[in-house]
Amino acid sequence: MSEEIKPSIGEWIEVTVCSFCLESRRSLEVVNSSNQTKCRSCKKDTRGTIVKVSVCPFCYNLITKFDTECRSCRKLLKGEEYLWALLKHYKAKINEIRQLVKGKDEDRLLRLVEELSQEEEILKELKDALSREGPVLKINDPVLKKELQKIREEETSREDIDFDEEDEVDIFDWLDPKDIIYREREFGALIVGQSTSSIFYHCVNEIRKCYIHGLFNATVVFCRALLEVGLREALKKRGLYKTNEKVIYLDERNLEGLLRECKDNKVLPRKFLEKAHSVRKKANSIIHPKDKPIKYSEEEALSTIKDTFSILEELYR
Ligand SMILES: [Zn+2]
Ligand SMILES: [Zn+2]
């Protein structure tokens, strides 16, 4: 399996794996679903089985939802040590983001934007693991116990873990508060809220933070991410989000593919499709600059937010 199609920790994706290896609890081998092929690992002819896989937080090899221990490193995928491993990855992600925001390093922040939802995935996985552990936490390590209790009690308010009040002030003290207040007001007037998914709110929140604090390129990139999430959800709701044999895992479908689906099924009027393509192109020009780096202005960032929200309003009308 090539590196690019590996899920991140906590993220679950659908892949086709060798049925024999799956059955025999050997490490998972990804095979091509459409043809009968010889499995590289067990050397048998196989057509493969579609399963949801993620990676082991200890050794990064593939695991399935049904595995109670890792197929490769044989560590338990439950209990104290497992929760510790997940928590460590989660904290590392949060810290990375924090450092980047603190260092005002917008370029590295942008690179991270692409994989930002990982932190959300790990948190989800942690909560899942906690619910499997049952109502009484049998954890000996007092530090781990306290951290896990915090996560269990916390009601989806990422903000609490991510940035506390004090940090918020001191991270951004290089900005003029008057500007922040103005932009906060501008943004507040734009909010739509019809989606159920937490990743949707996560994106809206990231856009809010980036815009308010003057990270206009990041704002544009997050607008594209929000569009992707919004379109995928809207298609799912209409029963139009289909699995494609050739697409190895579902969420791989990119914004361009989602927009094509919207066009073919007349989900979005032409005017909005054009707006969506322009948001997509703006974000792409930042991530893959052609000759010179692009710097979007406050006005451009705000108009991108407006376009994005108008598309979402049209979708969720
Ligand atoms: Zn095999
Ligand atoms: Zn492992």
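Residues numbered from 1 in each chain as written. Chains lettered and ligands numbered in written order. Predicted model: local features only at pLDDT ≥ 70, side-chain atom pairs only at ≥ 80, totals over all residues.

### Details of the packing of helix H10 (residues 216-237) against helix H12 (residues 270-287)
Okay, step 1: As a packed pair, H10 and H12 sit with axes 9 Å apart at the nearest point and diverge in direction by 130°. Here H12 runs oblique to H10, going by the angle between their axes. Two packed elements cross with a definite hand, and for H10 against H12 that hand is left-handed. Of the residues in H12, those in contact with Asn 217, Val 220, Val 221, Cys 223, Arg 224 and Leu 227 of H10 are Ala 276, Val 279, Arg 280, Lys 282, Ala 283, Ile 286 and Ile 287.
Okay, step 2: Here the residues of the contact of H10 with H12 are counted per class, giving nine nonpolar, one polar and three charged. (Axes fitted to C-alpha atoms, helices over the stretch in contact; angles between N-to-C directions. Helix = DSSP H or I, 4+ residues; strand = E, 2+ residues; numbered from the N terminus. Parallel < 35°, antiparallel > 145°, perpendicular 65-115°, else oblique. Left-handed = near helix turned anticlockwise from the far one by under 90°. Contact = placed C-beta atoms within 7 Å. Nonpolar A, V, L, I, M, F, W, Y, C, P; charged D, E, K, R; others polar.)

### Regarding the packing of helix H11 (residues 255-264) against H12
Okay, step 1: Two elements in contact, H11 and H12, have axes whose closest approach is 11 Å; the angle formed by their N-to-C orientations is 175°. Comparing the axis directions of H11 and H12 gives the class roughly antiparallel. Facing H11, whose interface residues are Leu 255, Glu 256, Leu 259, Cys 262 and Lys 263, H12 presents Leu 273, Ala 276, His 277 and Arg 280.
Okay, step 2: Of the residues belonging to the contact of H11 with H12, the class tally is five nonpolar, one polar and three charged.

### Looking at the nonpolar core
Okay, step 1: Grouped together as the largest cluster of nonpolar side chains are 34 residues, with contacts concentrated most on Ile 207, Val 220, Phe 222, Cys 223 and Leu 226.
Okay, step 2: For this core, the secondary-structure elements that each account for two or more residues are helix H9 (198-212), H10, H11, H12 and helix H13 (298-315).
Okay, step 3: By residue number, the principal contributor to this core is H10, which donates 12 residues.
Okay, step 4: Look past the residues within four positions of Cys 223 in its chain and what remains in contact with it is Ile 207, Val 279, Ala 283, Thr 304, Ile 305 and Thr 308.
Okay, step 5: Core analysis: the next-biggest nonpolar cluster, separate from the first, contains 23 residues, Val 17, Leu 28, Cys 70 and Leu 87 among them. (Core = buried A, V, L, I, M, F, W, Y, C linked by C-beta atoms within 7 Å. Buried ≥ 20, exposed ≤ 12 C-beta atoms within 10 Å, placed from the backbone.)

### Concerning unusual backbone geometry
Okay, step 1: Even without being glycine, Arg 25 reaches a positive phi, approximately 60°.
Okay, step 2: Within the secondary structure layout, Arg 25 lies in the loop between helix H1 (19-23) and strand S2 (37-38).
Okay, step 3: With 11 C-beta atoms counted inside 10 Å, the residue Arg 25 sits in the exposed group.
Okay, step 4: Residues other than glycine seldom take positive phi values, yet Tyr 60 does so here, at roughly 65°.
Okay, step 5: Summarising the element assignment, Tyr 60 is placed in the loop between strand S4 (49-55) and strand S5 (62-64).

### Regarding the sheet that holds S4
Okay, step 1: The strand order across the open sheet built from three strands is S1-S4-S5, with neighbouring strands paired in antiparallel fashion. Pairing within the sheet leaves two strands with one partner each, and these edge strands are strand S1 (13-17) and S5. Each neighbouring strand pair of the sheet contributes to a mean axis angle of 60°, computed without reference to strand direction. (Pairing = 2+ DSSP bridges.)

### Focus on H11
Okay, step 1: Looking only at H11, the buried set comprises Leu 258, Leu 259, Glu 261 and Cys 262. The buried side chains of H11 occupy one side of the element, clustering within an arc of 155° when seen end-on. Away from its buried face by more than 90 degrees, H11 exposes Glu 256 and Asp 264.
Okay, step 2: Tucked inside the fold, the buried residues of H11 contact H10 and H12.
Okay, step 3: Lys 266 occupies a position one or two residues after H11 and carries a positive phi of about 50°. (Arc of directions from axis to C-beta.)

Read these as layout, nothing more, since geometry by itself doesn't imply function.
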